[in-house]
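What follows is the residue order along each chain.
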Amino acid sequence: MATRKKTSSSSSKLPEWSLLPEELLQIVSKNVENCFDVVHARSVCNSWRSLFTFPSCLLRPSYSLPSFDEFTLESKDLCTLEKVPLFVFRVKTPAASTSPFEYFLGGIGRDDHMDRPSPIQCSVKVEIPGYDPTLMNMLDCQILSLGHQYRLIRWEPNGYRGVAFLPLNKEGREGEFVVILNYINVLMVLTSAEMKWKRLENVPYAICSDLVTFRGRFYASFLSRKTFVIDPYSLEVTLLMPSPHKQLNYLVASGNDELFLVEVTIPNFEVIDFSRFTCIVSRLDEEAGKWVEVTDLEDRVLFIGLFGNVSCSAKELPDGCGVSGNSILFTNEPTFPYKYGLHTGSTEDDLNCWRSTRENRVMILNTSPVLALQVER
């Protein structure tokens, strides 16, 4: 009886994956493609950790660049330009839970501590008002990659509005790169061949509202309604046919598939109210060099605001995150998703635009070091 009981107890234990034969482990390692599946595998034990190479898409390569004097533009001390992978992630909760959706948007850092029984490979420090800061284990999260952004480390000049980076891949230029800095009313450019900042010519002396990369080229949109394409090899600047609308512009790349221009009309009120904004959305027609208005984003959700502007599929969002497809979400202030053609009840309101809905209000719990959002259900 005792022997039988012991056998039953032993058979109910979870499998000891660390004891998997090496020849089987080799097969497993060759068939794991998702970067976070690799991360999870590396967290089983040290032997798995040594066999599974850390995913390159989660690495944060960096470049040493000179800073510059804000008055003379002469080169100064070195700073660091770092590539930061961006993700939206959500801690898993029971399916029957009725609590609000809480999810996070931001960069995930690598944790190489070896003193844990199961090393945490990727983690993020989360700070929410009313709670102690906590290091969130990505093993417990549903995660969706949103691409990456570049950040300057140990240097943030006055008037800094962002930075964009492109590697050069043409024959004879391999290993070189170009960086454009959105700075006050000018764009500053640095090439790895010269390693010196200089003002980019043939663009307006005006505020650049957005600077992005798309299909190997830079795109800069200005408050003057003009958007320019910048070739990274020649630094030649080409003006896109301007949109007929007079609004605040945001550029949102959907991978390498589409580049969208979101133009926002801000009503004349003493207090800015995101719920009163209206939007026009256009996609880039590269061949014609112009913007074409669209009324349907299909399954896409456009995130605009903190941590840059990104796009993803609503179906791929962790548990949907309470946000449906074909919508726009501003992350600067608490607001509702935007949809096209909404009826407001007023006959004076134009239906041919994107407006704030009243479904699933999005609250902002924290903005640093990651953006913590709560979608009310």
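Cut-off values and rules
- Residues numbered from 1 in each chain as written.
- Predicted model: local features only at pLDDT ≥ 70, side-chain atom pairs only at ≥ 80, totals over all residues.
- Heavy atoms only, no water.
- Helix = DSSP H or I, 4+ residues; strand = E, 2+ residues; numbered from the N terminus.
- Buried < 20%, exposed > 50% of the residue type's maximum accessible area, 1.4 Å probe, protein only.
- Contact = heavy atoms within 4.5 Å.
- Areas by Shrake-Rupley, 256 points an atom, 1.4 Å probe, with all protein chains shown as cover.
- Pairing = 2+ DSSP bridges.
- pLDDT = per-residue confidence, 0-100.
- Phe/Tyr/Trp six-rings, centres within 6.5 Å; stacked < 30°, edge-to-face > 60°.
- Lys NZ or Arg CZ within 6 Å of the ring centre and 35° of its normal.
- Core = buried A, V, L, I, M, F, W, Y, C linked by side-chain atoms within 4.5 Å.
- UniProt positions renumbered as here; feature names shortened; annotations may be inferred.
- Salt bridge = Lys/Arg side-chain N within 4 Å of Asp/Glu carboxyl O.

Considerations on the overall build of the protein
- Along its length, the protein carries four helices and 26 strands.
- The buried share among the 377 residues of the protein stands at 45%.
- In the protein, of all internal contacts separated by at least 6 residues, the share reaching a separation of at least 24 is 51%.
- Just so you have it, the protein exposes about 20,200 Å², and 49% of that area is on carbon and sulfur atoms.

So, the pairing of strand β19 (residues 290-294)
- Across five bridges, strand β18 (residues 278-285) lies against β19 in antiparallel orientation. Directly across from Val281, in β19, lies its bridge partner Val294.
- The turn joining β18 and β19, which pair antiparallel and follow one another in sequence, is formed by four residues; a positive phi near 65° is taken by Gly289.

A look at the sheet that holds strand β9 (residues 177-183)
- Strand order in the open sheet made by the four strands is β8-β9-β10-β11, with antiparallel pairing throughout. Only two strands of the sheet have a single partner each, and these edge strands are β8 (160-167) and β11 (198-199).
- Both strand β10 (residues 186-191) and β11 contribute to a ladder of two bridges, which runs antiparallel. When the sheet's bridge partners are listed, Met188 is paired in β11 with Arg199.

Quick word on the confidence of the model for the protein
- Of all residues in the protein, 79% have pLDDT values of 70 or greater, and the mean over the chain is 80.
- Low pLDDT, under 50, characterises residues 1-12; the predicted model gives this stretch zero contacts beyond four residues in sequence or across chains.
- Every residue in residues 112-120 is under pLDDT 50, and counting partners more than four places away or in other chains gives 13 contacts.

Points about unusual backbone geometry
- The phi dihedral of Arg154 falls on the positive side, at around 65°, and the residue is not glycine.
- Counting through the fold element by element, Arg154 comes out in the loop between β7 (141-153) and β8.
- The exposed category is assigned to Arg154, whose relative accessible area is 64%.
- Despite not being glycine, Arg215 has its phi angle at roughly 50°, a positive value.
- Structurally, Arg215 can be placed in the loop between β12 (208-214) and β13 (217-222).
- On the basis of relative accessible area, Arg215 is assigned to the partly exposed category, the value being 43%.

Here we look at the side chain of Thr357
- Mapping Thr357 onto the fold places it in the loop between β24 (354-356) and β25 (362-366).
- Residue classification places Thr357 among the buried residues on the basis of a relative accessible area of 7%.
- When residues no more than four places from it in sequence are discounted, the contact partners of Thr357 are Phe336, Pro337, Tyr338, Lys339 and Leu342.

Focus on the packing of aromatic side chains
- A complete count under the given rule lists 14 aromatic pairs for this structure.
- Through successive ring pairs, a cluster of aromatic residues spans Tyr63, Tyr150, Phe165 and Phe177.
- Over the aromatic face of Tyr233 sits the side chain of Lys170, whose NZ or CZ is 4.6 Å from the ring centroid.

Examining the nonpolar core
- Tyr103, Leu105, Leu146, Phe303, Leu317 and Val323 are the most contacted members of the largest nonpolar core, which totals 20 residues.
- When residues of this core are traced back to their parent elements, those giving at least two are β2 (75-91), β3 (101-107), β7, β20 (300-304), β21 (310-313), β25 and β26 (371-375).
- With three residues, β26 is the single largest residue contributor to this core.
- Contact partners of Val323, with chain neighbours within four places excluded, come to Tyr103, Val301, Ala314, Leu317, Leu329 and Val375.

Side note on the UniProt feature "domain: F-box" (unreviewed entry) in the protein
- Taken from the UniProt record, the annotation "domain: F-box" (unreviewed entry) applies to residues 17-55.
- Overall, residues 17-55 shows 59% helix and 0% strand. The separation of its end C-alpha atoms is 21 Å.

Notes on the pattern of salt bridges
- By the definition in use, this model includes six salt bridges.
- Across the pair Arg173 and Glu176 runs a salt bridge, and its minimum N-O distance is 3.0 Å.
- Among the residues examined, Arg173 registers a relative accessible area of 27% and is labelled partly exposed.
- We note a salt bridge from Glu298 to Arg300, for which the minimum N-O separation is 4.0 Å.

What to know about the environment of Val28
- Structurally, Val28 is set in helix α2 (residues 22-30).
- Note on Val28: relative accessible area 31%, which makes it partly exposed.
- Linking Val28 and Ala41, residues 13 residues apart in sequence, is a C-alpha distance of 9.5 Å.
- Ignoring any residue separated from it by four or fewer positions in sequence, one finds Val28 in contact with Leu20 and Phe52.

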